[in-house]
Structures are given as C-alpha cells and as structure tokens.
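Residue-level listing of the chains:
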Amino acid sequence: MLQVEHLRKTYSATVALDDVTFEVRPGEIFGLIGPNGAGKTTTIRISLDIIEPDSGTVRFNREKLTPEKKNVLAYLPEERGLYRKSKVIDVLVYFGTLRGVQPVEARKRAEGWLKKFELSAYGNRKVDELSKGMQQKVQFISCLLHDPELLILDEPFSGLDPVNQILMKDMIRELKQSGKTIVFSTHQMEQAEKLCDKICLINKGKVVLYGSLSEIKKSHGSNAIHLEFEGESWRLRELSDVATMDLYENYAEIKMKDGIDGQILLKRAIDLVTVKKFSIEEASLNSIFIEAVSQRDQPGGEKNVN
Amino acid sequence: MSIKKVLAVARWEFIEKVRTKAFIISLILMPAFMALMMVVPSLIASKPDTTTIKIGIIDKTGRITSALSSDLIDKFKLPNGKPNYEIVPVTGGHREDANNMVLDGQISSYVVIDTNILTARKFEYVSQNVSNIKEIERLQSSVKDIVETEELSRSGVNPEIVKAASKPVDLETVKLSKTGSVEKAGVGSGLILGYVFTIVLVIFVLTSGQLLVRSVLEEKSNRIVEVLLSSLTAEEMMTGKIVGLSLLGMTQLAVWAAVGLSFAGQAAAYLTIPSNVWWVGVFFFLGFLFYASVFVMAGSPATTEQEAQQATFYVMMVLYLPIVIAFAVAQNPTAGYLKVLSLIPFFTPSMMAFRIPVQSPDLWELVAGATILLVSTYFCMIAAGRIFRIGILVYGKRPTFKELARWALKKG
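Please read all numbers here as calculations on a predicted model, not as lab measurements. (Residues numbered from 1 in each chain as written. Chains lettered and ligands numbered in written order. Predicted model: local features only at pLDDT ≥ 70, side-chain atom pairs only at ≥ 80, totals over all residues. Heavy atoms only, no water.)

Novice: Any chance you could explain the overall build of chain B here in plain terms?
Specialist: Looking only at helices and strands, one finds 17 helices and 6 strands in chain B. Within chain B, counting contacts between residues at least 6 apart in sequence, those at least 24 apart form 74% of the total. Surface exposure of chain B reaches about 21,900 Å², of which carbon and sulfur atoms provide 66%. (Helix = DSSP H or I, 4+ residues; strand = E, 2+ residues; numbered from the N terminus. Contact = heavy atoms within 4.5 Å. Areas by Shrake-Rupley, 256 points an atom, 1.4 Å probe, with all protein chains shown as cover.)

Listed below in structure tokens is the structure:
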C-alpha cells in the first residue's frame, strides 16, 4: 500500500530523518512510534507529499504519488485546524470536495457521519462554537468523507479524554474491519500495543525497530518479569544481574541478564519489598521501547547525536 | 492541474468571503462613501442663489455701469426668472460710502472701475468674502467682454461685428475607427476612462490582494494548510484562491458599477462609449488576475501579518507605476513607446485602457497584450504555489530573494 524508502531530511544543521524505510501492507494498522521529536511527523508529511525529502522515495501501491492518487488518502494532522468562522457542515463538504467528492454527495456523507458521532445538532454551528473534543471529532470526520483507502493519523489520541480515546480506538478498529489501511503515530505505547499489527519505532530520525508487533515481542522473549509490590521501591535498584528495569512506585517490569533465572530475582526481591504479584510474561511494548531507545543513547551504542 | 479541485477552492473562497460581514459592509459602505464624496461638494457648489445679489459699482469711466448691468442680467438668471445680480451705482462714488453700504448689508460687494481700465486692464472687487469664486469669475469675464468691445469700437469696429466675431467656436472630435465607421469621441472621455480604470483596478487589487494574503496566512497559522496540501497541489490551491477572490472582486465591482451608474446616470451619458469597450473589460479582468497572483507570490512566504505587509508594500509600489505614467500618456495617447509598454504585463491593462477609447490599438496588439498577460498570470500562479509550498515549513527565518527565486524556478 505505502512504501517508504531511504528517506533523508535535514533542517539546516539537524538531521531529522536518516534512511527511514518501511512498508505498510493493505489492511494493516501500522504504528509509527517514537519519542517526541523523533521524526514521526516529518515522516508523515513527506509520505503525504506536503514536504519534500532531501533524498529517498515514497510510493503508493509501488507507484509515484500523483495528485489524483491523493484522493484515496486521508490525513489527520497533529495540530488540528479547521476554519473557525465557518459552519461545520460547510467545512466538511469543502474538505470532501478537495478529495474529489461531489458537493451533494459530500454533504450527504457529512450528515451521516455527524449523526454517527452525535454531532447532528452542530452541523450548522460555527466551528468556533464547538468544544475542543467536538472539533477533533469533526476533523476526524473530514478524513472519512471521501472513503479513503489509506488513513494517516498523526497522534490521533492526543488531547482526547478517556471516553473519546475509546471512541477513537473503536473507530480505528472499525475502519480496519471495513478494509482500510491505517497508519498512526503515537508516543503512547499502550495505544500502539492494543491496536497495531506492525510497528516502526523511530528514534532521532532512525528506524530502531521495525516489524510485526507479535514478532518483535517474541524476539524480546517471554522473560519479562512483572512485579507488583508494596514498600520502598528504590530498594529494588539494589538487585543485581538486571538487564533493564522499568520502575514505578508499586510496579516494576524487569528484564534479567541472559541465563539468569527469574526465580532468583523473586527470592531476592522478597527481602527488599512485599511482593503482591509476580509473573513472567512477554515484554510490554513500553519496555521494548525504553530498552531500544536507551541502548542507542548509551555510550558504546549508536553514536549520540547530541 | 485538476480543474475540479481548483473550482472547489475558488468556490469556497468566494462563498466564505461573500458571507463575511466585512465584505457586505464594504459592498455598501464604499459606494455610499464615494457618492457622498462626489455628490455633496457638487450639491454645495452648484446650489443656485435664491435672491438677487446687489453689487455696488464705482465707475469712474461712467461707461461700464450700464453695459455690465445689462450683460449680467442677460446672462445670469435666478431659478424664478429674476436677474441673479443687480448693479447698484454708489452715489457720490466714494469708497467710504461703498464700504458702509457693504457693512450695512445694502450691497454684498462692490467693484471699482478706474478711468484707465482700458490701458491698465484691471479693476477692483471689494467684499467681506473674497472667496466667492463663482461671482468673481462672472464679474471678471463680463468686464473683460465689455472692455474688449469698447476697445474695438474705439478703433472703429462695428460692435455687431465684434459680437459676431467673438462667438465661441465649438470643437467636435470624430474618431475614425479601423473599419471606417465614424463615431464621436472626446479625447477627454478616453483619458477619464483610462484614469478611472487604473485607479479602480488598483483599489480592487489592493483590497482583494490583502484578503488573499490574509487567507493564506490564516491557513498557514492554524495548519489547515497541511490538510489542503495533502489533498491537492499547491498550484491548484493558489490558482483556486486567486480565481475565487477575483470573482469576489468582480462581484463587488459589478455591484458598485450598477450603483454608480444609477446614481450618475446623467453624467455617464456625456461619456461617449467606444465600440470596442469590451476589450477594456477583458483587460480589467486579466489585469486583476495578474496583479492578484503577483500579490500572492509576494505574500506567500510570509508567516506573520507584518511580514506580509512588508512584502506586499513593494508590490503596491509597482501597482502605482501605471498611474504615474498615466500623466505622460495623457499628453499623447498615441505615442509609439506606449505600444511597447502595452506589451509589458505590469502596464498592459492601464495602457490599453488609455489607448482603446482614443485610438484603438491594432487587433494583434490587443490579442498579444491579452495573451502575454494571461501567460504571465499563469506563471505567477505556479511560482506562487511553489514558493508557498516550500516556504510553508520555514519558520523564524525570512527567505532571501535568492532562495525565493530558486523555489519559484524549481520543478514541482
């Protein structure tokens, strides 16, 4: 569906993207993940032909993205923007016609979607009069009017309350079921973990991890120790033979060094804190993310750009 | 370029702007203001006197009084048919008496004719208000006629012959068009058309150009532009905007013209309309498109209102150039160098507007001018699109002219 190959983009002195390559297959939910400033938005903008890369190519179904092909794309930008002084329905129809939908048809579809999002009463209001959450829904609807094949959503969950986050998640699932391909960027690993078929982890403009989520998890082994406890969490830092530790007030995800049995950790941990729950499972995407990112940042790993 | 998308943008820009209060207000306020500016002063200036004005005279020659009196009575009447002016000889002929009469209100002013008026050729007008230009001019011209007649009859010329000889000669200009048909046309009306054309064009380009730049800026600042550019090309977007706002300008013009003509119906009848005047309309529209696209090209790299204003300031200077040149054109609208200027896009619209009513340019000139204008407009729109697209993510730092040129020439 979408092939991104060897993208490179520099902004004066900073390298924003360095040899970014990935492929999105039809029907996938593809997560573009990475910390803030990793280059996710730049990758998306280049993919959509909003800005040009210094080198590298973006192809759509193995062909160059022509202006006509843009009609099957949808884009939800991170910084949401609608015409504030215009009526909701008019803005929706306009965005629809920009993607080649006939005005009459666009209006019909817009009304349908507004109803689905329980916004029918607001169609004739000015965008300005809507709450932020409503505006975000309207912006999302604007991505759906032309029945796109590929939706590219930049941080779709940011700024949404929990109820609307669920709504967004359900929408993304529904779209997948109706055969759409979805690319979304996020720095919230929980969302990516719940939704994605495939991920591409970008850090400092480089692809750090890329592949199907299940394979990535498998390759990280099912030896992540999830520990729930009470007591002084900092004491867990005393544990030896630990490869990585993601430590919270009463929860820790720990990866042991190769060849070290998890049972040993349990024995030692009991002396330090009151263990409430102990399990050995797959690593969470969050800890994989932290591991991958911190490895790069450590001396001796990939050279630190800063 | 997808015409459908261009039209979608044009439609949006047109409808959204037409609905704004600012547009509706400008649509009504501007003609109202112009009408006020034109009608009120002329109403005041041409307001006829309602009562006979008494003008004193101290005539030391003794021969002017009666001639002046009858001349004024002949020429100037009040709306009710009574004479506008009454000449009152100042008894005794002393200035002090005359001054008192003015102060008492018996007369509003007086004139002093010295004995040597024929040689000195001057007389005096005394009043509390010496800025009544209408009255002064009338007196001056009457006295001049009388003095002339007297001088001529002194040298033995029959006054009747003098009268006949001094009748004015009317000039009627007749324009022979290329096809040989003959029509009456005033050089003056041609120049008026040219001036009005150029000034109206400038006003429209300025208002619409600013609207355009502002609309681009708004989309840039709230990032709608990202959605737009992921839907269509920058060239399509710019072309759509320029077309939409041009239509807006034309709507405004049509409304104003209709209002203006209905107000000034009488005056408009004096303007002889040349047969190929529709070419003027063509050049107005093309000129508008051209200037608008230059405007957007200048404004599109801007990220703030101030930057946009600075950039568009230079365009405005260029816009005023034809007005400056217009003075030279007025001297001789058929000069050869104007043919060259007519083919330079920045001057084409106004030069054509000057030339068409006076002496129509050859058909090839009209076609060539229109074509050059159209092609330049097209390239400006494309360049504006490219500059915009590349400038869109440049923040904080203003691009240099060299960079802009590189962007404009870069292939999309």
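What follows continues from the structure just given.
Novice: In this structure, what is going on with the pairing of strand β4 (residues 55–60) of chain A? I would like to understand it.
Specialist: Across a regular strand the side chains alternate sides, sitting on one face of the sheet and then on the other. Residues and elements named next belong to chain A. Bridge count between strand β1 (residues 2–11) and β4: 5 bridges; the pairing is antiparallel. By the bridge assignment, glutamate 5 is partnered in β4 with threonine 57. Taken together, the 2 bridges between β4 and strand β5 (residues 63–64) define a ladder with antiparallel strand orientation. The partner of phenylalanine 60 across the bridge, within β5, is glutamate 63. (Pairing = 2+ DSSP bridges.)

Novice: Explain the environment of Met256(A) to me, please; I cannot follow it from the model alone.
Specialist: Residues and elements named next belong to chain A. Examined against the element boundaries, methionine 256 turns out to sit in strand β13 (residues 251–256). Residues methionine 256 and glutamine 139 lie 117 residues apart in sequence; the distance between their C-alpha atoms is 45 Å. If we skip the residues at most four places from it in the chain, methionine 256 touches Ile225, Ser240, Asp241, Val242, Ala243 and Leu265.

Novice: Teacher, can you tell me more about the pattern of salt bridges here?
Specialist: Side chains that carry opposite charge are capable of pairing whenever their charged atoms lie near each other. Residues and elements named next belong to chain A. Per the stated rule, a full pass over the model turns up 35 salt bridges over all chains. Aspartate 128 is the salt-bridge partner of arginine 84, the closest N and O atoms lying 3.7 Å from each other. On the criterion of sequence distance, the pair formed by arginine 84 in the loop between β6 (73–76) and α2 (88–98) and aspartate 128 in the loop between α3 (103–116) and α4 (132–142) is long-range, its members being 44 residues apart. Overall, the relative accessible area of 37% leaves aspartate 128 in the partly exposed class. (Salt bridge = Lys/Arg side-chain N within 4 Å of Asp/Glu carboxyl O. Buried < 20%, exposed > 50% of the residue type's maximum accessible area, 1.4 Å probe, protein only.)

Novice: I would appreciate a short explanation of the sheet that holds β13(A) in the present structure.
Specialist: Adjacent strands of a sheet pair through backbone hydrogen bonds, lying either parallel or antiparallel. Residues and elements named next belong to chain A. Pairing in this open sheet of 4 strands is antiparallel, and the strands run β12-β13-β11-β14 from one edge to the other. In this open sheet, the two edge strands, each paired with only one partner strand, are β12 (242–247) and β14 (274–281). Strand after strand, the sheet turns through a mean of 20° between neighbouring axes, direction not considered. Both strand β11 (residues 224–230) and β14 contribute to a ladder of 7 bridges, which runs antiparallel. When the bridges of β14 are listed, phenylalanine 229 appears paired with valine 275. Contacting β11, β12, β13 and β14, helix α8 (residues 262–272) crosses the sheet at an angle of about 170° to β14. (Axes fitted to C-alpha atoms, helices over the stretch in contact; angles between N-to-C directions.)

Novice: Explain the confidence of the model for chain B here, please?
Specialist: In regions of low pLDDT, the predicted coordinates are not meant to be interpreted in detail. With 83% of its residues at a pLDDT of 70 or more, chain B shows a mean pLDDT of 79. Prediction confidence for the complex, expressed as pTM and ipTM, is 0.71 and 0.77 respectively. (pLDDT = per-residue confidence, 0-100.)

Novice: Any chance you could explain the packing of aromatic side chains here in plain terms?
Specialist: The geometry of an aromatic ring pair is captured by the separation of the ring centres together with the interplanar angle, meaning the angle of the planes. All names here are of chain B. Enumeration according to the criterion identifies 18 aromatic pairs over all chains in this entry. Note on phenylalanine 76 and tyrosine 85: the rings are 6.1 Å apart at their centroids and 90° apart in plane angle, and the pair reads as edge-to-face. Side by side, phenylalanine 76 and tyrosine 85 carry an identical accessibility label, which is buried. (Phe/Tyr/Trp six-rings, centres within 6.5 Å; stacked < 30°, edge-to-face > 60°.)

Novice: How should I be thinking about the interface of chain B and chain A in this particular structure?
Specialist: How large an interface is tends to be reported as the accessible area lost when its parts come together. Each partner contributes residues to the interface: chain B has 23 residues there, and chain A has 27 residues. For the pair chain B and chain A, the summed buried surface comes to about 2,600 Å²; carbon and sulfur atoms form 54% of the total. The tally of links from chain B across to chain A stands at 2 salt bridges. Note that Arg19(B) is salt-bridged to Asp90(A), the shortest N-O span being 2.8 Å. (Buried area = accessible area lost by both parts, 1.4 Å probe.)

Novice: Whenever I open this one, the sheet that holds strand β3 (residues 29–33) of chain A confuses me. Can you help?
Specialist: All names here are of chain A. If you trace the 6 strands from one edge of the open sheet to the other, you get β6-β7-β8-β3-β9-β10, paired in mixed fashion. The sheet terminates laterally at β6 and β10 (206–212), the two strands that pair on one side only. Sheet twist, expressed as the mean angle between neighbouring strand axes with direction ignored, is 15°. Across 5 bridges, strand β7 (residues 150–154) lies against strand β8 (residues 181–186) in parallel orientation. Opposite leucine 153, over in β8, you have phenylalanine 184 as the bridge partner. Sheet strands in contact with helix α5 (residues 162–177) are β3, β7 and β8, and its direction is about 150° off that of β8.

Novice: Explanation requested: the domain arrangement of chain A in the structure shown.
Specialist: The domain architecture assigned to chain A consists of domain 1 (2–211) and domain 2 (223–281). For domain 1 of chain A and domain 2 of chain A, the distance between their C-alpha centres works out to 39 Å. (Domains from an automatic or database assignment.)

Novice: Can you walk me through the nonpolar core in this structure?
Specialist: Nonpolar side chains in soluble globular proteins tend to end up buried together. With 139 residues, the main nonpolar core has Phe95(A), Phe140(A), Leu228(B) and Phe283(B) as its most contacted residues. At 13 residues, the largest contribution of residues to this core is made by helix α12 (residues 278–299) of chain B. Discounting residues that sit within four places of it in the chain, Phe140(A) has contacts with Leu76(A), Phe117(A), Leu153(A), Met168(A), Met171(A) and Leu175(A). In this structure, Leu72(B), Ile113(B), Tyr125(B) and Leu139(B) belong to the second largest nonpolar core, which totals 18 residues. (Core = buried A, V, L, I, M, F, W, Y, C linked by side-chain atoms within 4.5 Å.)

Novice: Would you explain the environment of Phe197(B) in this entry?
Specialist: Residue and element names in this part refer to chain B. Summarising the element assignment, phenylalanine 197 is placed in helix α8 (residues 187–221). For the pair formed by phenylalanine 197 and phenylalanine 283, sequence separation is 86 residues and the distance between their alpha carbons is 9.9 Å. Excluding residues that lie within four positions of it along the chain, phenylalanine 197 makes contacts with Val280, Phe283, Phe284, Pro349, Ser350 and Ala353.

Novice: What should I look at first to understand the packing of α2(A) against helix α9 (residues 224–231) of chain B in this one?
Specialist: Describing two packed helices takes the angle between their axes plus the distance from one axis to the other. Here α2(A) crosses α9(B) at 35°, and the two axes come no closer than 9 Å. Of the residues in α9(B), those in contact with Tyr94(A), Phe95(A) and Leu98(A) of α2(A) are Ile224(B), Val227(B), Leu228(B) and Ser231(B). Of the residues belonging to the contact of α2(A) with α9(B), the class tally is 6 nonpolar, 1 polar and no charged. (Nonpolar A, V, L, I, M, F, W, Y, C, P; charged D, E, K, R; others polar.)

Novice: Before we go on, may I ask you to explain the layout of surface pockets in this structure?
Specialist: Unoccupied space between atoms shows up once a probe the size of one water molecule is rolled over them. All names here are of chain B. Reported here for the second largest pocket is a volume of approximately 980 Å³. Residue assignment for the lining of the second largest pocket shows that the elements contributing at least two residues are α1 (3–18), α2 (21–45), α8 and α10 (234–263). With 9 residues, the single largest contributor to the lining of the second largest pocket is α8. Along the lines of polarity and charge, the residues of the lining of the second largest pocket split into 10 nonpolar, 7 polar and 13 charged. (1 Å grid on protein atoms, 1.4 Å probe; cavity = no way out; pocket = protein on both sides within 12 Å on 5 of 7 lines; lining within 4 Å. Points joined across faces, edges and corners; volume = space filled by probe spheres on them.)

Novice: Please explain the pairing of strand β9 (residues 198–203) of chain A as it appears in this structure.
Specialist: Residues and elements named next belong to chain A. The buried count for β9 comes to 6 of 6 residues, which makes it a mostly enclosed element. Of the two faces of β9, both are covered, the one formed by Lys198, Cys200 and Ile202 as well as the one formed by Ile199, Leu201 and Asn203. Where β3 and β9 come together, 4 bridges link them in parallel fashion. Each residue of the ladder has a partner; that of phenylalanine 30, found in β9, is lysine 198. Across 6 bridges, β9 lies against β10 in antiparallel orientation. In the sheet register, cysteine 200 faces β10, and the bridge partner there is tyrosine 210. A loop of 2 residues connects β9 with β10, the two strands running antiparallel in sequence, and lysine 204 in this loop sits at a positive phi of about 50°.

Novice: What am I meant to see in helix α6 (residues 133–154) of chain B here?
Specialist: All names here are of chain B. Its 22 residues give α6 an end-to-end C-alpha distance of 31 Å, which sits within 8% of 32 Å, the value for a rise of 1.5 Å per residue. Turning to α6, its buried residues are Glu135, Leu139, Ser142, Val143, Ile146, Val147 and Glu150. Down the axis of α6, the buried set is contained in an arc of 130°. They therefore lie on one face. Facing away from the buried side of α6 by more than 90 degrees, the exposed set consists of Ile133 and Glu137. Where α6 is buried, its residues meet β1 (53–59), α3 (64–75), β2 (85–89), β3 (109–113), α5 (117–120) and β4 (124–127). Phi for glycine 156, located one or two positions after α6, is positive at around 90°. (Expected span 1.5 Å × (residues − 1). Arc of directions from axis to C-beta.)

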